[in-house]
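Inside the fold
Chain by chain, the residues:
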There are 2 protein chains.
Amino acid sequence: MPIPRDATLADVGEFGLISELVSHFPQGEHVLVGPGDDAAVLRIKQGHVVVSTDLLVEGRHFRRDWCDAADVGHRAAAQNLADINAMGGTGHSLTLGLAAPADLPARWAVEMAEGFAAECGLVDASVVGGDLTRADQIVVAVSVLGAVRKAPILRSGARPGDVLALCGRQGWAAGGLAILKRGFRSPRALVEAYRRPEPPYAAGPAAAEAGATSLIDISDGLLAEAGHLAADSGVAIDVRTDSLVVPEPLHAVASATGADPLTFVLGGGDDHALLGTFPADAALPEGWTVIGAVGERTDGPLVTVDGEEYDGPTGWTHF
Amino acid sequence: MPIPRDATLADVGEFGLISELVSHFPQGEHVLVGPGDDAAVLRIKQGHVVVSTDLLVEGRHFRRDWCDAADVGHRAAAQNLADINAMGGTGHSLTLGLAAPADLPARWAVEMAEGFAAECGLVDASVVGGDLTRADQIVVAVSVLGAVRKAPILRSGARPGDVLALCGRQGWAAGGLAILKRGFRSPRALVEAYRRPEPPYAAGPAAAEAGATSLIDISDGLLAEAGHLAADSGVAIDVRTDSLVVPEPLHAVASATGADPLTFVLGGGDDHALLGTFPADAALPEGWTVIGAVGERTDGPLVTVDGEEYDGPTGWTHF
């Protein structure tokens, strides 16, 4: 049943909207019971499940004037799938919860769900369940289940002597956000990168295969995530800026705002690039670049930039 | 590190609070990687996972002046675990997302998490991950993973000739809610039932073992859920009121409010009792009572009460 163009969630009702949303969720062969019962049932071949969860709050993680509904859906799926990628695995099943005001256009929810399902489709993951309820503010609550081929790659396995490496766009989304915050819409490539991150979904499993010793996805900021690796592994990490690629359009943004373009690369999150460490003699998979080195833990800072303490912004804090 | 009594989420910060919360989450043996990495990793022995998700929104699903933080945690876990129960299974792993205002007392979050973990402990389930972020309104987002012993019991398996049966307290929570809405706090047993539902966690697996043909948990209302069973199974269901137990304290509430106490039992949700159907010759497990019958689908209503169409409230709608 098509939803009238101007209908709100209240007009369509919970069950009407759920039935419309579910029609956008194709189910993989591993889904024994999909949406519509008290719970979904998934066939699991691997003997394990990798699971993560993330919330996106309107005004905090997205703004409806900056991102359309499909963008929000793509981002919500991407940031969750990226967490499985960061274990060296791939997501196969997601749940999608939506809390929203009764006067939200039903089309917004439908387009968000379409974007969400489209992003999941990139890794052949299924949207197997969800929840829909009323709230003052839009909150998108996602959980993701996935699998790794062999062992999961943790944050805690980096060892002195390892190299630090990066895969995926980094600094693009932060540049896009800076542009939107100033009320502009271009360079468009950066704005689009903020709206729809492109996590390197193949990079996690490839890194695991290549012997990565630790992995994390960059959601809050490159240096902040390097700090997590260093802290959890009991090591120190040095990032070398001469090996970091500053995306061409960032130079324009930086010169317009008077900022050093490297601050977007070092402190920016939201691209969901992968950061990892590998033994120095490992052959890095395609797309990975060495951007630093792992050393012994000292009394100094956990993370240095070109051997020095860094005093710029390192990432995002939630409170 | 103990959290100061008056500290807010903003005072404690995201990472400080997460580390405090996680200390309240004991991990079962099936948890290979618990909270603290990009994702958790669970050992799955059964070859399948049963998964469900639910959101609780302040002002919609709970009020802080009606329920303390631990109550909210218990309820959030209970309603999710009940969804696995309603598949004939048991939850083993949950994720807990919390979106909340920065000025929320950190103690509220800690006590909520303690209540959540305590409820999970009733079925030996572990809290394996979560997310914490800022929002204008408190939203608790839960996902639950579980397993069934043999096949899951769906909503769609009821057959004409089956009996309809109920296990668990029903109508208690609705009575408690009616009391709180009028500004009272007693009868206390009903108010407590609303604050901390007691889903019959053993009843789902026992029903599956006994050959239940369909199962659903009563979160929105007995007749509403009976309607889901009838619709999904392509049958008609008749509920017989002479077999329903009206809890003693409900009589007092009903006489004070002029309501028929049966309306609480027929239309009330939130107790997370289990409703199911069994072949007429099945031996019902302990705690289950026959409360009706399954018949052929007709042009009449999906659900009747004592053979007649029911015109009272049948349950809760979300928009």
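Cut-off values and rules
Residue indices follow the written sequence of each chain, beginning from 1 at its first position. Think of it this way: whatever chain is written first is A, whatever ligand is written first is 1, and the rest follow in order. Totals for whole chains, interfaces and linings use all residues, but because this is a predicted model, local features are given only for residues with pLDDT of at least 70 and pairs of side-chain atoms are given and counted only at 80 or more. Here the side-chain values reflect all heavy atoms present in the structure, with hydrogen atoms and water set aside. Salt bridge, as applied in this entry: a Lys or Arg side-chain nitrogen positioned within 4 Å of an Asp or Glu carboxyl oxygen. Only DSSP runs of H or I covering at least 4 residues are called helices, and only runs of E covering at least 2 are called strands; the numbering of each starts at the N terminus. Exposure is judged per residue with a 1.4 Å probe applied to protein chains only, and the accessible area is read against the type maximum: over 50% gives exposed, under 20% gives buried, and values in between give partly exposed. UniProt positions are given in the numbering used here, feature names are shortened, and annotations may be inferred rather than shown by experiment. Pairs of residues are marked as contacts when any of their non-hydrogen atoms sit within 4.5 Å. Summed over both partners, the accessible surface that disappears when two parts come together, traced with a 1.4 Å probe, is what is meant by buried area. In protein, a polar contact requires one atom able to donate a hydrogen and another able to accept it; more generally it is a pair of N or O atoms within 3.5 Å, and residues adjacent in sequence count only if both atoms are side-chain atoms. Here, strands pair whenever DSSP counts at least two bridges between them. Least-squares superposition of the copies uses the C-alpha atoms of those residues scoring a pLDDT of at least 70 in each of them. Axis geometry follows a simple rule: fit a line to the C-alpha atoms, using only the stretch in contact for helices, then measure angles between N-to-C directions, giving values from 0 to 180 degrees. Only Phe, Tyr and Trp rings are paired, with Trp represented by its six-membered ring, and only when their centres lie within 6.5 Å; those with planes under 30 degrees apart are stacked, over 60 edge-to-face, the remainder tilted. Each ring is checked for a lysine NZ or an arginine CZ that lies within 6 Å of its centre and within 35 degrees of its normal; such an atom marks a charge sitting over the ring.

Turning next to the pattern of salt bridges. Taken as a whole, this structure holds 24 salt bridges over all chains when the rule is applied. Between K150 of chain A and E209 of chain A there is a salt bridge, with the nearest N and O atoms lying 3.5 Å from each other. With K150 of chain A in the loop between strand 6 (139–148) and strand 7 (163–167) and E209 of chain A in helix 7 (residues 203–209), the pair connects residues that are 59 residues apart, well separated along the chain. For K150 of chain A, a relative accessible area of 65% corresponds to the exposed category. Linked through salt bridges whose partners overlap, the residues forming this network are D37 and D38 of chain A together with R155 of chain B.

On to the UniProt feature "binding site: substrate" (unreviewed entry) in chain A, then. Residues annotated by UniProt as "binding site: substrate" (unreviewed entry) correspond here to H61, D270 and W316 of chain A. What makes H61 of chain A buried here is its relative accessible area of 13%.

Attention now goes to the UniProt feature "binding site: Mg(2+) 4" (unreviewed entry) in chain A. This chain's UniProt record puts "binding site: Mg(2+) 4" (unreviewed entry) on D38, S52 and D83 of chain A. A maximum C-alpha distance of 26.1 Å among these annotated residues, which run over 46 residues, shows that they spread across the structure rather than meeting at one spot. Checked against the element boundaries, S52 of chain A lands in strand 3 (residues 48–57). We classify S52 of chain A as buried; its relative accessible area is 7%. Checked against the element boundaries, D83 of chain A lands in helix 3 (residues 69–85). Contact partners of D83 of chain A, with chain neighbours within four places excluded, come to S52, D54 and D217 of chain A together with D38 and A39 of chain B.

With that settled, the discussion passes to the interface of chain B and chain A. Quite often, the size of an interface is put as the accessible area lost when its parts meet. Across the boundary between the two partners, chain B contributes 61 residues, which contact 61 residues of chain A. Both sides of the chain B and chain A interface together cover about 4900 Å² of buried area, and 62% of this is carbon and sulfur. Taken together, the links from chain B to chain A amount to four salt bridges. Among the salt bridges present, the one from D38 of chain B reaches R155 of chain A, with a minimum N-O distance of 3.2 Å. Seen at the junction of chain B and chain A, the total is 19 residue pairs in polar contact (both at pLDDT 80 or more). For the side of chain B that touches chain A, the element with the highest residue contribution is strand 3 (residues 48–57) of chain B, accounting for nine residues. Where strand 2 (residues 40–43) of chain A meets strand 3 of chain B, four bridges bridge the pair, whose relative direction is antiparallel. The residue of strand 3 of chain B that forms the bridge with R43 of chain A is H48 of chain B.

With that out of the way, let us pick up the relation of the copies chain B and chain A. Under the fitted operation, chain B is carried onto chain A by 0.0 Å of movement along the axis and a turn of 180 degrees, and the coordinates agree to an RMSD of 0.0 Å. This pairing of chains is accounted for by a two-fold axis. Here 100% of the interface residues in chain B have copies in chain A that are interface residues too; the copies meet face to matching face.

For the rest of this paragraph, the subject is the sheet that holds strand 1 (residues 31–33) of chain B. Think of a sheet as strands paired side by side through backbone hydrogen bonds, with each pair either parallel or antiparallel. Spatial strand order, 5(A)-4(A)-6(A)-3(A)-2(B)-1(B): six strands in an open sheet with mixed pairing. The two strands at the open ends of the sheet, each matched to only one other strand, are strand 5 (126–134) of chain A together with strand 1 of chain B. On average, each strand axis in the sheet is tilted by 25 degrees relative to the strand beside it, whichever way the strands run. The pairing of strand 4 (residues 89–100) of chain A with strand 6 of chain A spans ten bridges and is classified as antiparallel. Of the residues in strand 6 of chain A, the one forming a bridge with T95 of chain A is S143 of chain A. Lying over the sheet, helix 4 (residues 106–121) of chain A contacts strand 4, strand 5 and strand 6 of chain A, oriented at roughly 170 degrees with respect to strand 4 of chain A.

The next point concerns the sheet that holds strand 6 (residues 139–148) of chain B. Sheet architecture is open: six strands sit in the order 1(A)-2(A)-3(B)-6(B)-4(B)-5(B), paired in mixed fashion. Each edge of the sheet is formed by a strand with only one pairing partner; in this case those strands are strand 1 (31–33) of chain A together with strand 5 (126–134) of chain B. Averaged over all neighbouring strand pairs, the angle between strand axes comes to 25 degrees, with direction disregarded. Strand direction decides the pairing type here: strand 4 (residues 89–100) of chain B and strand 5 of chain B, joined by eight bridges, are parallel. Note that in strand 5 of chain B the partner of A100 of chain B across the bridge is R134 of chain B. In the packing of helix 3 (residues 69–85) of chain B onto the sheet, contacts are made with strand 3, strand 4 and strand 6 of chain B, and the angle to strand 3 of chain B comes to roughly 145 degrees.

Turning next to the packing of aromatic side chains. A full pass over the atoms with the stated rule returns four aromatic pairs over all chains. Note on F278 of chain A and W288 of chain A: the rings are 5.2 Å apart at their centroids and 75 degrees apart in plane angle, and the pair reads as edge-to-face. Separated by ten residues along the polypeptide, F278 of chain A in strand 10 (residues 274–278) and W288 of chain A in strand 11 (residues 288–296) bring together distant segments of the chain. On the basis of relative accessibility, which here comes to 7%, the residue W288 of chain A falls in the buried class. Over the face of the ring belonging to W66 of chain A we find R63 of chain A, whose NZ or CZ atom lies 3.9 Å from the ring centre. Cation over ring: R75 of chain B sits above Y194 of chain B, and NZ or CZ is 4.4 Å from the ring centre.

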